[in-house]
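# Inside the fold
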Amino acid sequence: MDPSDARRILEEERARGRALIGRAGSIEELDRTKTGVLGRKAPVSEVQRTIGSLPEDERRELGRLTNEVLAELRAEVENRRAELEGGADAELLSADAVDVTLSGRRPRPGSFHPLTLVEDRMVDVFTRMGYRVAEGPEIEDEWHNFEALNIPPDHPARTMKDSLYVDVPGMLLRTETSAVQIRTMQSQAPPVYVVAPGRTYRRDTPDATHGTVFHQVEGLAVDEGISFADLRGTLEAFARELFGTNTRVRMTPDYFPFVEPGCQVAVSCFVCDGAGCRVCGNGWIELLGAGMVHPKVLENCGYDSERYTGFAFGIGIERVAMVRYGVNDLRLFVEGDVRFLEQFEGVA
Ligand SMILES: [Zn+2]
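The notes below deal with the structure included here. All values derive from a computational prediction rather than experimental measurement.

Moving on to the coordination of the zinc ion. At 2.2 to 2.3 Å from the zinc ion lie its protein donor atoms, namely Cys269 (SG), Cys272 (SG), Cys277 (SG) and Cys280 (SG). Taken together, the 4 donor atoms coordinating the zinc ion span angles of 104 to 114° at the metal, a pattern that classifies the geometry as tetrahedral. Written as a sequence motif, the donor residues of the zinc ion are C-x2-C-x4-C-x2-C. You can call Cys269 buried: its relative accessible area is 1%.

Structure (structure tokens):
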């Protein structure tokens, strides 16, 4: 390249660059302009690459001029950048401005979820009877969830079909809150009077009466001399608190591995008082499972099963909420439909 051509190109680029940089209207545009006038393929860079082949005196003179143009254009880019950023800040400030003279928006109070209402109510009944609330992890190990509760490895409840296992060997989402009772017994000596409310999980196809998430309040009483009559009395007191003073309790034999004997418990319908209606069908509402704690479960927790006896029960919160509020589809509790939830505003 001829030295005079090089000089001309440098002067042209100085003028062109300044004009383009000054016109850039945004940071993005400025960055593109910078590449155009200072990048590897820009005319100034091309001149810079040819300098090495010139005679020494020309080389020194053109090198100085090239550096001068480069420095000037770089400074212009940074000035313009500062201007554009300042403008962006000012725009942001004006957009964020608050008009303090406007009247405020009144926050709309929410309401408790129906399951929370029912759970609180049930837990309240038991705490007034002297029970303590116990809590535990929702991800459990198989020993606490099954073995300690007298559910051996070949029990149907252990198969993958019914339980939701996590990606850690031997760990699953708890299928009942019973594991909390085990943890409580392991951590203290009798007497024990606890209720364990909480979320539990099972593998199920969701429909009107089945879900993969449901809530329970389980109870456990272990002491000297506890009998089946105590269980019946406790559940009767509970049912009367929840459904009214005329409520009767019916117990029918049933099998659960962790109790002996075990039973299903139904209460007389609070709508028809046992005559039979749309809510109950035959006058009774199946409410919970219960029984006397199996001696093996007590021994698994280090309790002397000759000296201590106890009872346990498990109540589905969804079940109670459905009969209590006349809800006919379990899925409504978890779908978060505001039209459904709003109906419980002000319900205590
Ligand atoms: Zn009825």
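Residues Met122 and Phe313 are the most contacted members of the largest nonpolar core, which totals 44 residues. Put simply, the parts of the chain that give this core at least two residues each are α5 (114-128), β5 (213-223), α8 (228-243), β6 (249-254), β7 (259-268), β8 (284-293), β9 (309-316) and α10 (317-325). The element contributing the most residues to this core is α5, with 7 residues. The contacts of Phe313, once residues within four sequence positions are left out, are Phe126, Gln181, Val195, Val217, Glu218, Gly219, Leu231, Leu235, Leu288, Gly289 and Ala290. One finds Ile182, Val222, Tyr308 and Ala312 within the second-largest nonpolar core, a separate group that totals 23 residues.

The 7 strands lie next to each other as β1-β4-β5-β9-β8-β7-β6, forming an open sheet whose pairing is mixed. The open sheet is flanked by β1 (132-133) and β6, the only strands paired with a single partner. For β6 and β7, the ladder comprises 6 bridges, and the chain directions are antiparallel. Each bridged residue has a counterpart across the sheet, and for Thr252 the counterpart in β7 is Gln264. Across the face of the sheet, helix α7 (residues 178-187) comes into contact with β1, β4 (192-201), β5 and β9 while running at roughly 35° to β5.

Quick look at α5 now. Side chains three or four residues apart in an α-helix point the same way, a direct result of the helix having 3.6 residues per turn. An ideal rise of 1.5 Å per residue puts 21 Å on 15 residues; α5 measures up with 21 Å between its terminal C-alpha atoms. Among the residues making up α5, those that are buried are Pro114, Leu115, Leu117, Val118, Met122, Val123, Val125 and Phe126. Phi turns positive, to about 105°, at Gly130, one or two residues after α5.

Our focus in this paragraph is unusual backbone geometry. The amide bond that connects Pro190 to the next residue, Pro191, takes the cis arrangement and shows omega of 0°. Here Pro191 shows up in the loop between α7 and β4. The omega angle of the peptide bond from Glu260 to Pro261 is -5°, so this bond is cis rather than trans. In this fold, Pro261 is placed in strand β7. A positive phi angle, close to 65°, is found at Asn150, a residue other than glycine. Within the secondary structure, Asn150 sits in the loop between α6 (142-145) and β3 (171-173).

Okay, the pairing of β4 next. In terms of residue burial, β4 counts as a mostly covered element, since 8 of its 10 residues are buried. Bridge analysis of β1 against β4 gives 2 bridges, and the strand direction is parallel. Residue pairing across strands places Val133 opposite Val195, the latter belonging to β4.

This paragraph deals with the packing of aromatic side chains. Under the definition given, this model contains 11 aromatic pairs. Their ring planes at 90° and their centres at 5.7 Å tell us that Tyr131 and Tyr193 sit as a pair that is edge-to-face. Highlighted residues: Tyr131 in the loop between α5 and β1 and Tyr193 in strand β4, separated in sequence by 62 residues. Taking relative accessible area as the criterion, Tyr193 reaches 30% and is therefore assigned partly exposed. Cluster of aromatic residues (ring-pair linked, three or more members): Phe126, Tyr131, Tyr193, Phe238, Phe311 and Phe313. We note Arg324 situated over the ring of Phe270; from NZ or CZ to the ring centre the distance is 5.5 Å.

Cut-offs used in this document
- Residues numbered from 1 in each chain as written.
- Predicted model: local features only at pLDDT ≥ 70, side-chain atom pairs only at ≥ 80, totals over all residues.
- Heavy atoms only, no water.
- Donors = N, O, S within 2.8 Å, 3.2 Å for Na, K, Ca; no water.
- Tetrahedral: all angles 85-135°; square planar, octahedral: opposite > 155°, others 65-115°.
- Buried < 20%, exposed > 50% of the residue type's maximum accessible area, 1.4 Å probe, protein only.
- Core = buried A, V, L, I, M, F, W, Y, C linked by side-chain atoms within 4.5 Å.
- Helix = DSSP H or I, 4+ residues; strand = E, 2+ residues; numbered from the N terminus.
- Contact = heavy atoms within 4.5 Å.
- Pairing = 2+ DSSP bridges.
- Axes fitted to C-alpha atoms, helices over the stretch in contact; angles between N-to-C directions.
- Expected span 1.5 Å × (residues − 1).
- Phe/Tyr/Trp six-rings, centres within 6.5 Å; stacked < 30°, edge-to-face > 60°.
- Lys NZ or Arg CZ within 6 Å of the ring centre and 35° of its normal.

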